[in-house]
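Descriptive structure summary
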Amino acid sequence: MSSQSESNIIEILQHRAISQGENTAYIFLKDGESKEIRLTYQELDRQAKAIALRLQQLIQPGSRALLVYPYSAGLEFITAFFGCLYAGVVAGPCHPPKNRLTTVEVRTRLESAGAEAILTDKSSFSNLKTQLANWDKSSLHCLNTDKIEQQTDGWTAPKIDPDTLAFLQYTSGSTGEPKGVMITHGCLIQNQEMLRQAFGHTEDLVGVGWLPLFHDMGLIGNVIQPIYMGGCCVMMSPVSFVQKPIRWLQAISKYRATTSGAPNFAYDLLCDRVTEEQIKQLDLSSWELAFCGAEPVQMQTIERFSQKFADCGFNSTVFYPCYGMAEATLMITGGDKQKLPQVKYLDKAALEENKVILAEKEKSNTKTFISAGYTWLDGEIAIANPHNLNACAESEIGEIWYKGSSVGQGYWQLSAKTQQTFQASLDNKQYLRTGDLGFISEGELYITGRLNDVLVFWGLNHYPQHLEQTIAECHPGLKPNCGAAFSVEVEGKPRLVVAQEIERTHRKSIVMQEVVEAIRWQVFQQHFIDIYGIILLSPGRMPKTSSGKVQRSKCREMVINEEFDIWQAWYQQDVATSDVTGLFQRYTNPLTYLKMLSAIARGKLRRIFYKLRMDK
C-alpha cells in the first residue's frame with residue numbers, strides 16, 4: 001500500500017500517477033481473449049480529473065450521480081467512478097437497462113438517490129435518453145464521458161475526511177428491492193486494508209476478474225484493491241465469461257495472475273465445460289488465491305475443481321472461502337491463505353432445529369459446512385437469536401451480526417430500514433444484522449443459510465440452497481444454479497414449489513413425468529419434504545441479480561402472478577391429504593411406495609433419537 005500520509009483512495013491514486021505513472025493499472029479484454037485495452041495510472045488520473053472538472057462545473061460536491069455503462073465499457077466505467085470521487089460527487093453504480101425491468105430499476109435509483117447526473121458512454125447515451133424520456137431533464141445532466149475533453153486545469157481536489165460519503169453501493173436485490181448502502185472513504189480504506197492482509201497482497205498483485213463492476217465484489221476487489229496495492233487487474237465482461245468460461249482460466253494463465261475469484265457456481269461451470277484438451281494449454285501455477293464467496297461454498301466444488309485442474313498447476317490450498325456483503329463494504333471474514341479451509345459436519349436433524357451437533361466425519365445423516373474464516377482488524381462477529389435478539393449459545397445457530405469500521409453508514413434515505421439493519425444492539429454494542437444464519441466453532445464462522453429464505457415444512461427448517469442443489473442433480477437436463485425453491489400457501493398450509501431452468505440442449509429430450517418423479521423422490525429422500533409444484537422454465541428465464549444470484553422472492557412473485565414463460569409445469573392433484581403417506585399412494589410401483597414409507601420411518605426415527613439426545 002501507499003504511505004500512511006495518504007488517507008483516502010484519491011490521494012493514493014494521485015501518488016501512483018506520480019510514482020508509477022507508466023505502469024498499467026488495468027487491462028480490459030474486449031473479446032475476452034486477445035483484444036486488449038490498457039490504462040496506466042497516469043492516464044487514469046488524468047481522465048478522472050477531466051471528468052471531475054466537468055462534474056464540478058455542473059453540480060455541487062455531495063450530489064449524486066448514477067453510472068450506467070454496458071458490460072463492454074469496463075475502463076469507461078472505472079474512469080467515471082474515479083471521476084466522481086475526484087469531484088466529491090457520490091457515485092451510484094448501476095447496471096445498464098437492457099429490458100423493461102432494468103429500465104424501471106434505473107428510474108427507481110434515480111429517484112431514490114436524488115441523482116443530478118447520469119454518466120454513460122457513447123454506445124448507451126442515445127438509448128438511455130430515450131428510455132428516460134419522461135424524466136425531468138431540467139434537473140438531470142446526462143453526460144457522455146467519451147466526449148469530455150481531457151482538460152484538467154481548474155480541477156479542485158475535494159475536501160475529504162473518513163466520514164465523507166464516497167459512493168452508494170446498491171445491494172444485489174436477491175431478497176428484495178435494491179438499497180443504496182452509504183460507503184464512506186473511511187469504510188473503503190478499512191476494507192481495502194482487510195483485503196490486503198487477508199489475501200496477502202503486495203505490489204506484485206495481478207488480478208483477473210469478470211464480475212460486474214457495479215457489483216461490490218467486482219468494484220471493491222477488482223477495481224479498487226489494485227489501486228490500493230499498486231498492482232494491476234485484467235478484466236473482461238461477464239458476458240465474455242458466460243459465453244466461453246475457459247476465457248477466465250486462459251487470462252489467469254496468460255497474464256500470470258496471482259489473485260482471482262468468483263461465486264461457487266463459476267467454478268462448477270468450469271468443471272462442466274472445460275475439456276481435457278483445453279486443460280493441456282493452461283498453466284495455473286501462478287494462481288496464489290482463488291477466493292470464493294457471494295453464495296454457499298460447496299466442498300464438492302472444491303474437490304472437483306482441484307482434481308480437474310491439478311495437472312495444469314492448480315493447488316487445492318489456493319481455494320479461499322470468504323464472506324462479505326455490500327453493507328460491510330465487502331469483506332467480513334476470511335481464513336488463513338496458507339491453509340486449507342476448516343470443514344465441519346453437522347447432524348441434519350439438529351440442523352433442522354437450529355442446533356449445532358458436530359460429527360467427526362461425513363455420514364448420510366450429516367451436512368457438510370466449510371469455514372468462511374474469521375474477522376480481521378477491528379471486526380467482531382456475534383451470533384444472535386433473530387426473534388428475541390439475544391446472544392445464542394455456542395450450540396445454537398443464529399443470525400450473524402457484525403461490527404467494524406468498514407460497516408456502511410446505513411441505507412440512503414431509508415431511516416427505518418437503516419435502524420433495523422445497522423443498529424442492532426447486543427451487550428451495549430451496535431451491530432449490523434446480516435440476515436445470514438450461521439455459527440462459530442473454534443473461532444471460525446460457518447454459514448448455514450439465509451434468514452429470510454429459511455423454509456419450514458412439518459415444523460422443520462430447510463435451506464432453499466440445499467433443496468436447489470438436490471434438484472439440479474436429479475436430471476442432466478436441469479441447469480445448475482438456475483433453480484429456486486420457495487413456499488406457497490395452499491389451503492392454509494405451506495407447500496414447497498420449485499422453479500427450475502432446463503438446459504437448452506435438452507429441450508427435446510426431457511420427459512416431464514420422469515423429471516417429476518426423480519425430483520420428488522430425491523427431495524423426499526434427502527429432505528423429508530413432498531413437493532407441491534414443479535415448474536420447468538425455458539433457458540434464461542430465471543430472475544437473477546446483477547451478480548448472478550437467483551432472486552427467490554422475485555421468482556415466487558412471478559409464479560404467483562403467472563408472469564413466467566413456463567416450458568412445462570406439474571402440480572399435485574390431491575392437495576387436501578393431511579397424511580404424508582397418502583400423497584404417494586398414487587404410485588403404481590409397489591417398490592417405490594415401500595421406499596417412500598421406509599424413508600418416512602427413517603426420518604421420524606432420526607428425529608426421535610435427536611430429541612432423546614437433546615432431552616439428556
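Relevant structure appears above.
Attention in this report is confined to the structure presented alongside it. Keep in mind that what you see is a predicted model, and the values were worked out from it rather than measured.

1. A word on the overall build of the protein
Of the regular secondary structure elements, the protein holds 18 helices and 29 strands. Put simply, the protein has 616 residues, and 56% of those count as buried. Considering only residue pairs separated by 6 or more positions, the protein has 72% of its internal contacts joining residues 24 or more positions apart.

2. Description of the pairing of strand β22 (residues 429-441)
Along β22, 10 of the 13 residues are buried, which leaves the element largely enclosed by surrounding structure. The pairing of strand β20 (residues 398-403) with β22 spans four bridges and is classified as antiparallel. Bridge pairing in β22 places W401 opposite R433. For strand β21 (residues 424-426) and β22, the ladder comprises three bridges, and the chain directions are antiparallel. Bridged to S425 within β22 is Q430. The antiparallel hairpin formed by β21 and β22 contains two residues in its connecting segment, where D427 sits at a positive phi of about 55°. With six bridges joining them, β22 and strand β23 (residues 444-450) adopt antiparallel strand pairing. For S441, the partnering residue across the bridge sits in β23 and is E444.

3. Some thoughts on the sheet that holds strand β10 (residues 232-236)
Spatial ordering of the open sheet is given by β2-β1-β10-β9-β11-β12-β13-β14-β18, a layout of nine strands whose pairing is mixed. Only two strands of the sheet have a single partner each, and these edge strands are β2 (36-40) and β18 (374-375). Set on the sheet, helix α6 (residues 185-199) makes contact with β11 (259-262), β12 (289-292), β13 (319-324) and β14 (331-334); between it and β14 the angle comes to about 15°.

4. Section: helix α16 (residues 512-527)
With 16 residues, α16 extends 22 Å between its outermost C-alpha atoms, agreeing within 8% with the 22 Å of an ideal straight helix rising 1.5 Å per residue. Of all the residues in α16, the buried ones are M512, V515, V516, I519, R520, W521, V523, F524 and H527. Phi turns positive one or two residues past the end of α16, at F528, with a value near 60°.

5. Observations regarding helix α9 (residues 246-255)
Because an α-helix completes one turn every 3.6 residues, residues spaced three or four positions apart along the sequence face the same direction. Burial of α9 is extensive: eight of the 10 residues sit out of reach of the surface. Taken as a whole, α9 has its buried residues at I246, R247, W248, L249, A251, I252, S253 and Y255. Looking one or two residues past α9, R256 carries a phi angle of roughly 55°, positive in sign.

6. A closer look at empty space enclosed by the protein
Over the atoms a probe the size of a water molecule is rolled, and this reveals where empty space is left. A complete count under the given rule lists one cavity of 30 Å³ or more for this structure. Taken as a whole, the largest cavity spans an internal volume of roughly 140 Å³. What lines the largest cavity is a set of 19 residues, among which P70, Y71, G74, P212 and L213 lie closest to the centre. Of all the secondary structure elements, the ones that give two or more residues to the lining of the largest cavity are α3 (74-87) and β10.

7. Quick notes on the pattern of salt bridges
Within the structure shown, the criterion is met by 20 salt bridges. A salt bridge links K337 to E288, with the nearest nitrogen and oxygen atoms 4.0 Å apart. Taken as a pair, K337 in the loop between β14 and β15 (343-347) and E288 in the loop between α11 (276-279) and β12 lie far apart in primary sequence, 49 residues in all. On the accessibility criterion, K337 (18% relative accessible area) is buried. On the accessibility criterion, E288 (45% relative accessible area) is partly exposed. The residue E442 makes a salt bridge to K344 at a minimum N-O spacing of 3.2 Å. Residue E442 is found in the loop between β22 and β23, and its partner K344 is found in strand β15; the two are separated by 98 residues along the sequence. Judged by its relative accessible area of 66%, E442 is exposed. Bridged by salt links that share partners, the residues E33, K244 and R247 form one connected network.

8. Let's talk about the nonpolar core
Core analysis: the biggest nonpolar cluster contains 124 residues, and Y26, F82, L119, W248, W287 and F309 have the highest contact counts within it. A total of 10 residues in this core trace back to one element, the largest contributor, which is α3. Ignoring sequence-local partners within four residues, the contact set of Y26 consists of I37, R38, L39, L44, L75, I78, F82, N222, V223, I227, C233 and M235. L496, V498, M512 and I519 belong to the second-largest nonpolar core, a separate cluster that totals 21 residues.

9. Brief notes about the sheet that holds strand β26 (residues 478-490)
The sheet built from four strands is open, its strands ordered β26-β27-β28-β29 with mixed pairing. Because the sheet does not close on itself, it has two edges, and the strands there are β26 and β29 (566-571). Across this sheet, the average inter-strand angle for adjacent strands is 20°, counted without regard to direction. Strand direction decides the pairing type here: strand β27 (residues 493-502) and strand β28 (residues 531-537), joined by six bridges, are parallel. Across the sheet, the residue bridging to A499 is I535, located in β28.

Cut-offs applied
Residues numbered from 1 in each chain as written. Predicted model: local features only at pLDDT ≥ 70, side-chain atom pairs only at ≥ 80, totals over all residues. Heavy atoms only, no water. Helix = DSSP H or I, 4+ residues; strand = E, 2+ residues; numbered from the N terminus. Buried < 20%, exposed > 50% of the residue type's maximum accessible area, 1.4 Å probe, protein only. Contact = heavy atoms within 4.5 Å. Pairing = 2+ DSSP bridges. Axes fitted to C-alpha atoms, helices over the stretch in contact; angles between N-to-C directions. Expected span 1.5 Å × (residues − 1). 1 Å grid on protein atoms, 1.4 Å probe; cavity = no way out; pocket = protein on both sides within 12 Å on 5 of 7 lines; lining within 4 Å. Points joined across faces, edges and corners; volume = space filled by probe spheres on them. Salt bridge = Lys/Arg side-chain N within 4 Å of Asp/Glu carboxyl O. Core = buried A, V, L, I, M, F, W, Y, C linked by side-chain atoms within 4.5 Å.

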